[in-house]
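Here's the letter readout for the chains.
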Amino acid sequence: MDVALAKFWTVEQFLSWAARQEGRYEFDGRQPVAMTGGSANHSRITLNIHGALRTRLRGTPCSSFGPDLGVRTIGDAIRYPDALITCTRFAGTEKIAPDVVVVFEVLNPDSGRRDRIEKVRDYAAVASIMHYVIVESSGSGLLVLHRKQGDAAFTALTLTSEDVLTLPEIGIQVPVAEFYEDVDFADTTQTE
């Protein structure tokens, strides 16, 4: 990152700066944080998630977005999940999604700790988020953190490729295997 961070940034400064960068960044509430690149599996899984959501949300008031639309979390922190769902209409020029109900993060080897620990705390602070779905990319499986009310703690549920992800707040179900269509785990499961 080629910027001096002598003082804390505002959200507006971050969004203006980030729009001019070639790389991708999140905002921790004080300064930009570089995001790592993904693998072919990460990309395929993310595309599959978007395809599954778009098909099921068509004709409903809800829409899926990501990974270029942010979610404001704790304080002024901004996260860019791989996919998100909101049922609130907003201007196409917005850079932050309002009233996000579901968030998906596809794991990378470099982002696992951040996605499983730091982002759990961040997304739990957003009262509208009822599901935080952590999607494995080195094998099939989901860790689904869910709650019925925004002030409640998340409850964890694990799903495998034989299971179905149910998102009652938006009235859809997706077979977990659909997220993994055409994903090749051969290289990630080989041992030396």
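Note: the structure precedes this text.
About the thresholds
Residues numbered from 1 in each chain as written. Predicted model: local features only at pLDDT ≥ 70, side-chain atom pairs only at ≥ 80, totals over all residues. Heavy atoms only, no water. 1 Å grid on protein atoms, 1.4 Å probe; cavity = no way out; pocket = protein on both sides within 12 Å on 5 of 7 lines; lining within 4 Å. Points joined across faces, edges and corners; volume = space filled by probe spheres on them. Helix = DSSP H or I, 4+ residues; strand = E, 2+ residues; numbered from the N terminus. Buried < 20%, exposed > 50% of the residue type's maximum accessible area, 1.4 Å probe, protein only. Core = buried A, V, L, I, M, F, W, Y, C linked by side-chain atoms within 4.5 Å. Contact = heavy atoms within 4.5 Å. Pairing = 2+ DSSP bridges. Axes fitted to C-alpha atoms, helices over the stretch in contact; angles between N-to-C directions. Disulfide = S-S within 2.5 Å. Arc of directions from axis to C-beta.

### A look at the layout of surface pockets
- Estimated volume of the largest pocket: approximately 240 Å³.
- Around the largest pocket, the lining is made up of 12 residues, and of these Ala18, Ala19, Tyr25, Asp68 and Tyr80 lie nearest the centre.

### Some remarks on unusual backbone geometry
- Cis geometry is adopted by the peptide bond preceding proline 67, which originates at glycine 66 and carries an omega value of 0°.
- As for its position among the elements, proline 67 is in the loop between strand S3 (63-65) and strand S4 (71-72).
- With a phi angle near 50°, aspartate 99 is a residue other than glycine that sits in the positive phi range.
- Structurally, aspartate 99 is set in the loop between strand S6 (83-86) and strand S7 (100-106).
- Here aspartate 182, not a glycine, exhibits a phi torsion of approximately 65°, which is positive.
- Looking at the element boundaries, aspartate 182 is found in the loop between helix H4 (176-179) and helix H5 (186-189).
- Take aspartate 182: its relative accessible area is 65%, and that puts it in the exposed class.

### Looking at the nonpolar core
- Ranked by size, the top nonpolar core spans 28 residues in total, and within it Ile49, Phe104, Val135, Leu142, Leu165, Ile170 and Phe179 carry the most contacts.
- Elements with a minimum of two residues in this core: helix H2 (40-57), S6, S7, strand S8 (131-135), strand S9 (142-146), strand S11 (164-167), strand S12 (172-175) and H4.
- Element by element, the count of residues in this core is highest for H2, at five residues.
- When sequence neighbours within four positions are dropped, the list of residues in contact with leucine 142 reads Val133, Ile134, Val135, Leu157, Thr158, Leu159, Leu165, Val176, Phe179 and Tyr180.
- Membership of the second largest hydrophobic core comes to 15 residues, among which are Leu69, Val103, Tyr123 and Ile134.

### What to know about the sheet that holds S6
- Spatial ordering of the open sheet is given by S3-S6-S7-S8-S9-S10, a layout of six strands whose pairing is mixed. Each having just a single partner strand, S3 and strand S10 (155-159) make up the two edges of the open sheet. Across the sheet, the axes of successive neighbouring strands diverge by a mean angle of 20°, strand direction being ignored.
- With five bridges connecting them, S8 and S9 associate as antiparallel partners. Paired with valine 133 across the strands is valine 144, a residue of S9.

### Let's talk about the pairing of S9
- Counting the residues that bridge the hairpin from S8 to S9 gives six residues, and of these glycine 141 lies at a positive phi of roughly 160°.
- Of the pairings in the sheet, the one linking S9 to S10 comprises five bridges and is antiparallel in character. When the bridges of S10 are listed, leucine 143 appears paired with threonine 158.

### Details of the state of the cysteines
- Enumeration over the complete set of coordinates arrives at one disulfide.
- Shown here is the disulfide that connects cysteine 62 with cysteine 87, its sulfur atoms set 1.8 Å apart. Its S-S torsion of approximately 90° makes the covalent link between cysteine 62 and cysteine 87 right-handed. Taken together, the positions of cysteine 62 in the loop between H2 and S3 and cysteine 87 in the loop between S6 and S7 put the pair 25 residues apart, joining distant regions of the chain.

### Focus on helix H1 (residues 11-18)
- Among the residues of H1, Val11, Phe14, Leu15 and Trp17 are the ones counted as buried. One side of H1 holds all its buried residues, which, seen down the axis, span an arc of 165°.

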